[in-house]
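# Structure at a glance
Spelled out from the first residue to the last, the chains are:
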Amino acid sequence: QQSYPHVTTSLPGAAVGCCILRGMAIRTALTLRLDNTLGALDRVCQALARENANIIGMSLEGTGVLHLVADNPVHVAGLLRNRDYMVEEREVLYVTVPNGPGGVSAAARLLSQAGVNIEYAFATAGSEQEMAALVVVVEDAQRAAAAAGM
C-alpha cells in the first residue's frame, strides 16, 4: 500500500490510514435526464461550452441520468433550464484525495467512521496527476462534513 507522508492538509483530523485528504468543499451537483439518442450528451456539453461553463465532474448513467458538478452551478442550472431540461440541485462533498491505491478508501473510511452513508460517488483523475477529485453524494452534505471533521 502506497503512503503519502508529505501531503499536507488544511483539514483537522483528515489523516486516515494510508493517506491524508488534502481538501474538501461542499459543491452543488446538478442532475438531469437525457434521452438515449445520438448526440444527447454532446448537445449539453456544447451548450455549456458556448457559454464558457466548465464541467469539473460528471457521471452519466445508462438510464440517461446525468450528474454534473460545474464551476458555476447557478449559471449552468439556468442555461440547462432555458433549454427545457428539468434540473435538480443537490449539495455534495467534493473531496481531493491522493491519486493512488487507498486514496478513495481514505475518504470512504473517514465518512463511514463518522456514521455517514454514501448514496453514490464518482471520481476522476489523469494518470499523471498526483491528486484525484471525488464527488460524494450523501443525505446531508453539511452534516456529513461536520461529522467527518472535514
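Each remark here, short or long, concerns the structure printed above.
Now for a description of the structure that goes with this document.

Basis of the calculations
Residues numbered from 1 in each chain as written. Predicted model: local features only at pLDDT ≥ 70, side-chain atom pairs only at ≥ 80, totals over all residues. Heavy atoms only, no water. Helix = DSSP H or I, 4+ residues; strand = E, 2+ residues; numbered from the N terminus. Buried < 20%, exposed > 50% of the residue type's maximum accessible area, 1.4 Å probe, protein only. Areas by Shrake-Rupley, 256 points an atom, 1.4 Å probe, with all protein chains shown as cover. Arc of directions from axis to C-beta. Contact = heavy atoms within 4.5 Å. Polar contact = N/O pair within 3.5 Å; in protein donor to acceptor, adjacent residues only side chain to side chain. Salt bridge = Lys/Arg side-chain N within 4 Å of Asp/Glu carboxyl O.

### Some words on the overall build of the protein
Across its full length, the protein carries four helices and eight strands. In the protein, which comprises 150 residues, the share counted as buried stands at 41%. Entry remark: accessible area of the protein is about 8200 Å², with carbon and sulfur atoms responsible for 47%.

### Brief notes about helix H1 (residues 40–50)
Those residues of H1 not exposed but buried are Ala 40, Val 44, Ala 47 and Leu 48. Across the axial projection of H1, the buried residues extend over an arc of 95°, all falling on one side. On its buried face, H1 sits against strand S4 (55–60), strand S5 (65–70) and helix H2 (73–82).

### A short note on the side chain of Thr 31
Examined against the element boundaries, Thr 31 turns out to sit in strand S3 (residues 23–33). Within polar-contact distance, the side chain of Thr 31 engages the side chain of His 67 at 3.1 Å. Setting aside anything within four residues of it in sequence, one finds Thr 31 in contact with Val 65, Leu 66, His 67, Met 86, Val 87, Glu 88 and Tyr 120.

### Considering the pattern of salt bridges
Summed over all chains, the structure comprises two salt bridges. Residue Glu 89 pairs with Arg 81 through a salt bridge whose shortest N-O separation is 3.0 Å. Judged by relative accessible area, Arg 81 falls into the partly exposed class, the value being 38%. As a salt-bridge pair, Glu 119 and Arg 90 come within 2.7 Å of each other at their nearest N and O atoms. Within this pair, whereas Glu 119 is found in strand S7 (residues 118–124), its partner Arg 90 is found in strand S6 (residues 88–98), the two being separated by 29 residues in sequence. What makes Glu 119 partly exposed here is its relative accessible area of 39%.

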